[in-house]
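Chain and residue survey
Residue-level listing of the chains:
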Amino acid sequence: MKIWVIAERKGSELRRVSKELAAKAATMGDSTVIEVTGERVSAAGAAAALAQRATTDAPDLILAGATPSGRDIAARLAAKLQRAYVSECADLVIAGGTVEATRGMYAGKVRARVRAALPAVASVRPNAFPLADGAAEPAVTRIPAGDSPGLTFVRFEPTASGGGRVSLSEARVIVSGGRGLKGPEAWAQVEALADVLGAALGASRAVTDAGWRPNEEQVGQTGKTVTPDLYIALGISGAIQHLAGMTSSKVIVAVNKDPDADIFKVADYGVVGDVFEFLPAFTAAVKAAKAGA
Amino acid sequence: MRLLVCVKQVPDSTTRVKVAPDGTSIVTDGVTWSISPYDEYAIELALEHKDTAADTVVSVITVGGPRTKDALRQALAMGCDDATLVTGDGADALGPLGIANALKSAIDALEPDIVLCGKQASDDDQGFVGPALAEALGWPHVAQVTRFEVVHPGPASPAPGEPQSSEVVRPGPASPAPGEPQSTEIWKEVEGGHEVWKASGNAVLTVQKSEKDPRYPSLPGIMKAKKKEIPERALAGVDDPVKIEIVQLEPPPARGGGKIFKDGDTTAHAAELAKLLRDEAKVL
Amino acid sequence: MTPPTTGAGALVLAVVALLGFGAFAYRAWRLYRYLRLGWNEDRRAGLAGRLKDELVIYLLQRKLLKRPYIIRGLAHAFIFWGFIVITMGTVDLLLSGLVGLRMPGAESGFFVWAVDVFAALVLASIVLAVVRRAFFKPPRMHIALDGYIILGLIATLMVSLLVFENAGLAAGYLAAHQAVPPFAQLLPLPYPPDAAGTVFAAAWWVHVVTVLGFAAYLPQSKHLHIVTTLPNVFFRSQRPRGALRFVERIEEQETFGAATLRDLSWKQHLDGYTCTECGRCSDNCPALATGKPLDPQKIVLDLRDLLLKEGDLLLKDPTATGTPPARQLATKPDELWACTTCAACVEQCPVTIEHIDKIVDMRRYLTMQEAAAPPEAQRAMTNIERAGNPWGEAAGTRGDWAEGLGVPTFAETPDAEYLYFVGCAASFDRRNQRVAKALAKILRSAGMSFAILGSLETCNGDPARRMGNEYLWQLQAQRNIETFGRYKIRKIIASCPHCFNTLANEYPQLGGSYEVVHALQLVQDLIEQRKIVLGPGPAESVAYHDPCYLGRHNGIYEDPRAVLDAIDGVTRMEIEPHHRERGFCCGAGGGRMWMEEKVGQRVNHRRVEQILAAGDAKGERPSKVASGCPFCLIMLDEGVGAKGIADELKPVDVLELVAGRLTDTGSDPRSKETATA
């Protein structure tokens, strides 16, 4: 069984999901971790390079992290190779010439087990195969990107508030804010908590629609689907569309002043109370807890 | 400029999805069907372009059974100029590559400059058709698109024409540009900001979101869409090489029964919670 | 008294009269032609009601004599009644002056006496009006030169009348009369008897010329209302106040809503001519009071001004469309969307102007024709279309609140007598689900035969209609009417005043006529007939907040109060002065529930302040504020939360208070949780 992992890098570091998949692939068969190199590579450029190599290497299963870029490249590559593609897998096993995966459908309202014949391509959610502590850095084969006719990178426009944080889809801890936070000013406190936790920032649709936070932070249907270890929902009531995007988180904490809020129905821990009273106290308590107090 | 938006009809996002007794499909009884949310954003992006450039023609297309015509009417009501239904036996059962191939043959006839799709359909949530269509067409694609602007319009596009028959008749092939070819700047949402890419010709965009909500149709729009003839293209002979088999569907694991602190001092609860997260849930 | 018009005098009078009435007729004709640009709405039906309106609203000035305007209302009433009497005197003057004929009865002692008394009363009222304008300017009143001109003219009329009567007495013209004018007689007689004749003639001429000048001036003044109020009151809408105008064969229309001035009915334009600029509508508007761009008086006057400005253009060219009224000003859409349709303006308008109809007609244009409703409104409408509720909750979960409560659906008990139409708020909003459960408990306790529709119920369409989406309302209403028909439903209970209003007052427009009651009306009956028995409870002060669609729109003020009064220990507190027909909106009506409120103070916050202030004025703040509307409950909940007084002032629904006191239940353990509101 030949397995490829398409590696992705953030800055100089391999993404965590790439390491997770490398470790997983090593347990499944003969694994190769491949990275397409080049500045701002388009999906078509990456897929062209990978497809060329795949024709000689003939991997049975190609895995990519289900990050925006990983999904993009995996889909284009699968189309180029005319292979089955299974996206956003939460789990997968190889059985009798097929790959069987667990994944969400209908915006997370249904959990599906699907099967595709090998050879196939799959993208896998971050955190699906948690990395053991102290796992070795995988060996990475680097290949240059192929051509992508008709498309060139022009420039990068940073979001005013963006940058510096863990990406939402990959984060193991997410601190997410809703309308209950009353205005963009509240995010100073949210960020203080996120800093202590090393967390990514999320938001409900109401918040991104109101322009308090950039769209890329939206969690839920029409936003991002996330599966962190810890999801902290502050002042989020829990609309069905928001729940669809975060109910697969391992531990959910909800803080809301409305005891009837739907978010409490999915929460493992909840505090009914004033989020502005909660935030500073919780931030201090987390700091203390992490320090071993 | 001709824009083509590919849409899929899916259970509306407000619908409660129930797994059918067979365990591999959902109960369709009582389901409200609408255009997949990302496809609606794609329509909105296309129509916003039409709002600023009046000579834009926005077409919409879907692959599916008779019911999917409603999705096309919805798109027409929003302001799309014309619609095409690719249909035939097995249209609802095509795999993503099959759909891409079916769309490709229609696109060869419709000759749009830019094709827009939602980044994924909110039923299977695969996100495969867009990139697969670009691959089939041999065009570049940009994912996670939130905005696009035509930097150079290229040749003037023909006026919107009423399709005369079930075969889509183009008012004339797009002639090659006299000077600089059409080029488009495309905003792709990435971590921490947007990458701006430039397509120097045709391209497929898979849309993340439009800045504005998809527009609510005007009543004249709804009435016009009701009367509009929707030409059909036959599906016959489309290559559908790979399939994904659904082994089982089930509702997501039930949650709840969590520890909820209700009354009393929020500050004390916060401290208690931090300890629980560390010692009980072990996530700190 | 003999008029001083012999020979040339009569000719002069004839010329002046011709000029005065000619100017009036010319201008009035122009106004009439503009008015007829409006579409030909038939306002003839309901003659009996119309005649009653003329008596009560016009002749008895009923709508002027409203809190807090009683004194100035009386002042106006005297001017009005005086005008009627004095106008008869004027007709007599002109007749006698021109052709020497006397009006029958003009020389009777009673008439002479009445003219004189009213002249004095009018004069006193004018003084009051001038003093008020000059020194106690009402905040919303539009003070213009026009007002002073008119007051001056009226004062001149009265003074000249009294003077020529007085001088006539002095000159000995009294011989012709049997009666002495009582007030004119009291004036000092400073002139020698031989000058009295001259003074009489001068005052007489001043009076008559002023009358004719008044006529000439009238059509360009807000005081045109003295002419237009009569027809405006007569032709006022005889629909229930809560019912919006039905658009027939909507699918066949070319344009929707008030696309042009032609798409407003002639009556809407007559409203504009009739507006007296008194500002009472603005005074009572919750949107204006909290800093929104809406001013109901401005809505009426802007339309009038647009008609005067573009009327000629539209008359000249039948294909001309002119400025869409909703686009008259860049700020106009914001004005229109700020309206909660609470009807405080309609309630107060002394001349029965229909503000809401205009606003909704313009919203209809924005929403249906231009698809330019605010984004949040568009989302709510999409949700109604797709999920059958404006929140976008899953349609299939509509009946989930009733699980385990023993509440049957019609599918289970098709013979149930009553339908409980739950509505979207009580079906999906967690807080209001408790109200639905409370009502279910009450109905079960009373042994009522009732059922719900569960997931077959869909939004009644009210939010869509009030957002200007008549089409969506019709679709939703037809869908519900079809379902009601399937189960042969005749009697409906609604716990939401908005459901109640549209089911009772608007569904008949589509052929759906039912016996509809609001839950609090029904509960009042149940208490009275002792079908439910309420147990004892602790003493508490409960303020009652009038929901607009119960109170002003449907006149249900007493039943909810009676229910509160029937609860042992509850002391009902009135939110004075903003209660009953002056109740202040919670901010959620007219589809505002689903729209952002970014400008000014939030209406619900103001409402909470009013409740506290009313309590303080009485020396005791209430511990609860009870209402009978899910939207009020949501808004009040948010309001007390924002003010940080959620523990001191608890918003509840009256139904919850009742359910908490039911004595003869207890078999159903789950009903206990609904008892703790």
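Counting of residues starts from 1 at the beginning of each chain's written sequence and follows it residue by residue. Working convention: letters from A go to chains and numbers from 1 go to ligands, in the order in which they are written. Predicted model: local features are reported for residues with pLDDT of at least 70 only, side-chain atom pairs are reported and counted for 80 or more only, and whole-chain, interface and lining totals are derived from all residues.

What follows covers the overall build of chain C. A run of H or I in DSSP becomes a helix once it reaches four residues, and a run of E becomes a strand once it reaches two; helices and strands are each numbered from the N terminus. When helices and strands are counted, chain C shows 27 helices and 8 strands. Projected onto its principal axes, the C-alpha coordinates of chain C cover approximately 100 × 60 × 45 Å. By definition, residues are in contact whenever their C-beta atoms, placed on the basis of the backbone, come within 7 Å of each other. Taking all contacts inside chain C whose residues are at least 6 apart in sequence as the whole, residues at least 24 apart take part in 80%.

Residue and element names in this part refer to chain C. If you trace the backbone, Glu335 turns up in helix H13 (residues 332–337). Expressed as a C-alpha distance, the spacing of Glu335 and Leu288, which sit 47 residues apart in the sequence, is 9.5 Å. Beyond its immediate chain neighbours, meaning those up to four positions away, Glu335 contacts Pro293, Leu294 and Ile299.

Right, let's talk about the packing of helix H18 (residues 430–445) of chain C against helix H25 (residues 630–642) of chain C for a bit. Residue and element names in this part refer to chain C. Axis geometry follows a simple rule: fit a line to the C-alpha atoms, using only the stretch in contact for helices, then measure angles between N-to-C directions, giving values from 0 to 180 degrees. Put simply, H18 and H25 touch, their axes get as near as 10 Å, and they point 135° apart. On the basis of the axis angle, H18 is oblique to H25. Relative to H25, the crossing made by H18 is right-handed. Contacts between H18 and H25 involve Arg431, Asn432 and Val435 from the first element and Pro630, Leu633, Ile634 and Asp637 from the second. Amino acid classes used here: Ala, Val, Leu, Ile, Met, Phe, Trp, Tyr, Cys and Pro are nonpolar; Asp, Glu, Lys and Arg are charged; the rest, including Gly, are polar. Grouping the constituent residues of the contact of H18 with H25 by class yields 4 nonpolar, 1 polar and 2 charged. Any angle from 65 to 115 degrees is called roughly perpendicular, while one under 35 is roughly parallel, one over 145 is roughly antiparallel, and all others are oblique. A clockwise turn of the near helix away from the far one marks a right-handed crossing, whereas an anticlockwise turn of less than a right angle marks a left-handed crossing.

With that settled, consider the sheet that holds strand E2 (residues 450–451) of chain C. Whenever strands of a sheet pair, they do so through backbone hydrogen bonds, lying parallel or antiparallel. All names here are of chain C. By the convention used here, strands pair only if DSSP detects at least 2 bridges between them. Pairing is parallel across the open sheet formed by 4 strands, whose spatial order is E2-E1-E3-E4. Sheet topology places E2 and strand E4 (515–518) at the edges, where each strand pairs with a single neighbour. Across 4 bridges, the pairing between strand E3 (residues 491–494) and E4 is parallel. If you follow Ile492 over to E4, its bridge partner there is Val516. Packing of helix H21 (residues 497–506) onto the sheet brings it into contact with strand E1 (418–421), E3 and E4, and relative to E4 it is tilted by some 160°. Sheet strands touched by helix H22 (residues 519–528): E3 and E4. Its angle to E4, the strand with the most contacts, is close to 85°.

Here we take up the interface of chain B and chain A. Accessible area lost upon the coming together of the parts is a frequently used measure of interface size. On the chain A side, the residues contacting the 73 residues of chain B number 79 residues. For the side of chain B that touches chain A, a count of residues per class yields 38 nonpolar, 18 polar and 17 charged. Both strand E11 (residues 151–158) of chain A and strand E9 (residues 193–199) of chain B contribute to a ladder of 7 bridges, which runs antiparallel. By the bridge assignment, A:Pro158 is partnered in E9(B) with B:Gly193.

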